[in-house]
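Descriptive structure summary
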Amino acid sequence: MTLPIPLHLLVLIPMIAGAAGYFLPQRAYHRLLLLVNVAVVAVALSIFRDVRWGSAIVQRVADWPDWIAITLVADLYSAPLVLLTALFFAGTFLFSTRADYLDKTFLFLFVLLESSLIAIFLSGDLFNIYVLIELGMLIIAILIMYKQDKQSVYDAMLYLMMNFIGMAFMLLGIGYLYRMTGVLDLAGLQQRLPQLGNARAAIVPYALIMTSIAVKAALFPLFSWLPRAHGAPSAPSIVSAVLSGVQVKAGVYLLIRVSQTFSAVIDAAPFFMLLGFVTSVVGFLLAIAQKDIKLILAYHTVSQVGLIVMGLHLGSEVAFWGGMYHIINHALFKGLLFLTAGIIIEEYGSRSYAEIRGVLRHLPAVGIGTLAGVLGITGAPFFNGSISKYFIQQGLQGDLGGIGMFLINLGTTLSFVKYSVILFGTPNAPQPPQRDPWVACISLLFGLACLAGGLFGGPTVALVYGPQYSAAGALGLEKITSFVLTLAIAVGAYLLVVKRIGGLLLTVRSAKVSFNQITVLLTLFFVGLLGYTWWSV
Amino acid sequence: MAFIAQLQTADLAVGIFFLGLYGAMSQRNIMKTIMSVGIMDLGAITFFMMVNHPPDARPPISSTPVAHMADPVPQALMITAIVIGVSIIAMCLAMYMRVAYRYGTADWSILIRRLEK
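A quick note: this is a predicted structure, and the numbers were derived from the prediction, not measured.

The helix and strand inventory of chain A stands at 22 helices and two strands. Seen through its principal axes, chain A has C-alpha atoms that stretch 65 × 60 × 50 Å. For chain A, buried positions account for 64% of its 537 residues. Averaging the locations of the 30 positively and 21 negatively charged side chains of chain A gives two centres separated by 8 Å.

Structure representation (structure tokens):
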């Protein structure tokens, strides 16, 4: 029996390496960070193995007693996400080997973002989570306005201020919790909260904290920062990929964690399920209206996060693990789509889907990667999206749920029919493509992962999380027909409807919400959640 | 008036928090919204400081008898929160300067109209 690996290594290795290697020349610094990421992946893998085939790891940072010490927790929820984050960052570092926008400050901030994300996943202490989110927020605000062109400073400012208000809610909520229970540890809170005797006492802190987490997870109507941040023209594509692939999942993860902490006193699952559905529908409606390929993807993240939240709160076990699996799947295909979109924009010098044609012929590897991502996200049979959507669907009861799911599928397919227009046709890029083996390699690898996650869906869920579900139904004839039918309806709707309502789409596209309106929405959300929990407890 | 006499610092802090929220909702001037958000943060911090803080509490320094000590945990945590709050406000102000130079306005709704398409 060897000594257990200290969990804080995962957080400290990237951070210290980033700071210590800063004096190196840029290329060497990049190599060092790549190497460090490989090490982090190895450590994360071994921790995941210990958690999955052993038991959850709980470590205290100093020799303080339980509930006073800051704890780090690796369990079945967090360990896969840590591994995913590590793999994802390693992939993006490899992807950007030859990118010219990288300088040392960027690399340092990027690696700092990695450790703050891993720390959020591992942390078992509410105040610690607050500090780490704020750290991540500052770094992201700098990263999305990194190139400082167009309106990026405005985007970053809106992002920072909106999230700062959210975090002030969280701080007040943590204060209430500490006053009532005297602990900040999530496990401690879970035990102390039922002892209060009065479930209604926990409503105010619950609503405060959940409001801030809803901002983080970009639920309706608090998502307006997300497309601006994730699709920001000035953010390099690897930043967009990381934000959409991993960072927004931190919000979803906290939603699970905090709901679990409060589960004995407050259960707002129906509220969040409905909210997830609304978020999903609004997300794809806005995605259809966009022209900018990065914005299509960004609004789509809103939609998919809604689907994940819906799955997690359906109250059925299959749907819950389906939602968890969809977190991983979404990271894979959305990360892939953002990475390839960055390359496509660079090659064609345009961001509008109407001006890009023939990606498959011009950039075969990138094109195939994009195609795999699109097939994954639309839930095509044999790709990973189909499996997690199938699991989520199993949790739905009745016709209403079936119709809702069909609506989401149709919307997703419709917006990606629009997106895949760029793949076909005659190439119209200004110059011949640059060859970068790593870009091609990572695109194909991620695409392959999407396919593998679909072909071995059931076993993958069993491998990562444990529960055994058969995914055979997802590959059945019925599913394939329904996908083909959805695709046909979507293509028809695209040709007959979407192409003819350009004026309406323009209105939707150019509608903007000002900061004051966002704050009003946030307050309304808080009051609504407060009212719902008051009514339901 | 007995109601007012019973108010404690913690209640006032919650009041300040929501006052800041009102400011963020109602002010169109960017500078004022940044100040409102700062006020919200300070309200939350003051509230947290008052947790387990009896009226005669003294600072938790080694010479204070334990019975009279204020709870040291909020004090330690809030130093962190104050530092974070200051740095984020500073960052917001720096961004505001950029935005104001570029678009020549300090008003959220005018700013939106001037953004590039």
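Picking up after the structure, the text goes on.
Across its full length, chain B holds five helices and zero strands. Across chain B, helices and strands are ordered from the amino to the carboxyl terminus as α-α-α-α-α. Compactness check: chain B gives a C-alpha radius of gyration of 19 Å against a globular reference of 13 Å for 117 residues, more than 25% above the reference. Viewed in the frame of its principal axes, chain B has a C-alpha envelope of about 65 × 40 × 15 Å. Looking at chain B as a whole, 39% of its 117 residues are labelled buried. Restricting to contacts in chain B with at least 6 residues of sequence separation, those with at least 24 account for 49%. Taken as a whole, chain B presents about 6,600 Å² of accessible surface, with 68% of it coming from carbon and sulfur. In chain B, the 8 positive side-chain charges and the 6 negative ones have mean positions that sit 20 Å from each other.

Chain B puts 48 residues into the contact, and the matching count from chain A is 41 residues. Where chain B abuts chain A, roughly 4,000 Å² becomes buried across the two surfaces, and 81% of that area is made up of carbon and sulfur atoms. If you sort the residues of chain B by the area they bury against chain A, Ile-88, Met-95 and Trp-108 of chain B come out on top, with a joint share of 16%. Our count for the contact surface shared by chain B and chain A stands at zero salt bridges.

Every α-helical turn comprises 3.6 residues, leaving residues that sit three or four positions apart pointing alike. All names here are of chain A. Relative to the 46 Å expected for 32 residues at 1.5 Å per residue, helix H13 (residues 317–348) spans 45 Å between its end C-alpha atoms, a close match to the ideal helical length. Most of H13 is tucked away: 30 of the 32 residues are buried. Gly-349, located one to two residues past H13, shows a positive phi value of around 65°.

This paragraph deals with the packing of helix H10 (residues 237–262) of chain A against helix H12 (residues 293–312) of chain A. All names here are of chain A. Look at H10 against H12: their axes get within 11 Å of each other, and the N-to-C directions meet at 20°. Considering their axes alone, H10 and H12 lie roughly parallel with respect to each other. At the point where H10 passes H12, the crossing takes the right-handed sense. When H10 is examined against H12, the residues Ser-237, Ser-240, Ser-244, Val-248, Lys-249, Val-252, Leu-255 and Ile-256 are found in contact with a partner set consisting of Lys-294, Thr-301, Val-305, Ile-308, Val-309 and Leu-312. Across the contact of H10 with H12, the residue classes tally to eight nonpolar, four polar and two charged.

Interfaces are often sized by the accessible area lost when the parts come together. All names here are of chain A. Partitioning chain A into domains gives domain 1 (1–124), domain 2 (152–266 + 512–537) and domain 3 (268–500). Centre-to-centre separation of domain 1 and domain 2, based on C-alpha positions: 24 Å. Tallying the contact residues gives 22 residues for domain 1 and 22 residues for domain 2. Applying the counting rule to domain 1 against domain 2 returns one salt bridge.

Below, the discussion takes up the packing of aromatic side chains. Residue and element names in this part refer to chain A. Per the stated rule, a full pass over the model turns up 30 aromatic pairs over all chains. Ring geometry for Phe-127 and Tyr-130: centres 5.6 Å apart, planes at 35°, overall tilted. Of this pair, Phe-127 and Tyr-130 are both found in helix H5 (residues 126–144), three residues apart, which corresponds to roughly one turn of the helix. The buried category is assigned to Phe-127, whose relative accessible area is 4%. Accessibility expressed as a relative area gives 0% for Tyr-130, which makes it buried.

With that settled, the discussion passes to the nonpolar core. Residue and element names in this part refer to chain A. Residues Phe-272 and Tyr-419 are the most contacted members of the largest nonpolar core, which totals 225 residues. The dominant element in this core, judged by the number of residues it contributes, is helix H6 (residues 152–181), at 21 residues. Once residues within four sequence positions are removed from consideration, Phe-272 is found in contact with Tyr-206, Met-210, Leu-219, Leu-255, Val-309, His-313 and Leu-529. Counting eight residues, the second-largest nonpolar core is a separate cluster that includes Met-310, Leu-314, Ile-392 and Leu-396.

Another aspect to go through is the pattern of salt bridges. Residues and elements named next belong to chain A. Evaluated as defined, the whole model comprises four salt bridges over all chains. One salt bridge in this structure joins Arg-257 and Asp-75, with 2.2 Å as the shortest N-O distance. Of this pair, Arg-257 sits in helix H10 while Asp-75 is found in the loop between strand S2 (71–74) and helix H3 (78–95), placing the two residues 182 residues apart along the sequence. Judged by relative accessible area, which is 14%, Asp-75 ranks as buried.

Looking now at the environment of Tyr-22 of chain A. Residue and element names in this part refer to chain A. Checked against the element boundaries, Tyr-22 lands in the loop between helix H1 (8–20) and helix H2 (26–53). What makes Tyr-22 partly exposed here is its relative accessible area of 34%. Separated by 297 residues in the primary sequence, Tyr-22 and Ala-319 place their C-alpha atoms 45 Å from one another. The contact partners of Tyr-22, leaving out residues within four places of it in the chain, are Tyr-29, Lys-104, Thr-105 and Phe-108.

Before going further, it helps to examine the environment of Leu-455 of chain A. With respect to the helices, strands and loops of the structure, Leu-455 of chain A is situated in helix H18 (residues 437–455). A relative accessible area of 41% places Leu-455 of chain A in the partly exposed class.

So, on to the side chain of Thr-370 of chain A. Here Thr-370 of chain A shows up in helix H15 (residues 364–378). If we skip the residues at most four places from it in the chain, Thr-370 of chain A touches Leu-337, Thr-340, Ile-344, Tyr-419 and Leu-423 of chain A.

Residues and elements named next belong to chain A. The step from Phe-220 to Pro-221 runs through a cis peptide bond, and the omega angle for that step is 0°. The phi angle at Ala-218 is positive, at roughly 60°, despite the residue not being glycine. Assessed through its relative accessible area of 0%, Ala-218 is described here as buried.

Scoring rules and cut-offs
- Every chain begins its residue count from 1, and numbering advances along the sequence as written.
- Key to labels: chains lettered from A, ligands numbered from 1, both in the order written.
- Local features in this predicted model are restricted to residues whose pLDDT is 70 or higher, and side-chain atom pairs enter the listing and the counts only when it is 80 or higher, whereas totals over whole chains, interfaces and linings include all residues.
- Excluding hydrogens and water, the side-chain figures rest on all heavy atoms present in the structure.
- Helix and strand definitions follow DSSP, with helices as H or I runs of at least four residues and strands as E runs of at least two, each counted in order from the N terminus.
- Each residue is assigned to one of three classes by its accessible area relative to the maximum for its type, calculated with a 1.4 Å probe on protein chains only: buried under 20%, partly exposed between the two thresholds, exposed over 50%.
- The charge count includes Lys and Arg as positive and Asp and Glu as negative, but it does not include His or the ends of the chains.
- Note on charges: their place is set at NZ of Lys, CZ of Arg, CG of Asp or CD of Glu.
- Restricting the calculation to C-alpha atoms gives the radius of gyration, and the globule rule supplies 2.2 Å times the number of residues raised to the power 0.38.
- The contact criterion used throughout is that any non-hydrogen atoms of two residues lie within 4.5 Å.
- In short, Shrake-Rupley with a 1.4 Å probe defines the accessible areas, and a residue's cover is counted only from the protein chains shown.
- Values labelled buried area give the accessible surface lost by two parts on being combined, using a 1.4 Å probe and summing over both.
- Just to be clear on terms, a salt bridge is a Lys or Arg side-chain nitrogen sitting within 4 Å of an Asp or Glu carboxyl oxygen.
- In a helix, the anticipated span is given by 1.5 Å times the number of residues less one.
- For every element, the axis is a line fit to its C-alpha atoms; helices are fit only across the contacting stretch, and the angle between N-to-C directions ranges from 0 to 180 degrees.
- Roughly parallel refers to an angle under 35 degrees, roughly antiparallel to one over 145, roughly perpendicular to one between 65 and 115, and oblique to any angle outside these ranges.
- Helix crossings fall into two classes, left-handed where the near helix is turned counterclockwise from the far one by less than a right angle and right-handed where it is turned clockwise.
- Three classes are used: nonpolar for Ala, Val, Leu, Ile, Met, Phe, Trp, Tyr, Cys and Pro, charged for Asp, Glu, Lys and Arg, and polar for all others, with Gly counted as polar.
- These domain limits were set by an automatic method or by a database of domain assignments.
- Ring pairs are drawn from Phe, Tyr and Trp, using the six-membered ring of Trp, whenever the two centres fall within 6.5 Å, and their geometry is named by plane angle: stacked under 30 degrees, edge-to-face over 60, tilted for the rest.
- Only buried residues count toward a nonpolar core. Its members are Ala, Val, Leu, Ile, Met, Phe, Trp, Tyr and Cys residues joined through side-chain atoms within 4.5 Å.

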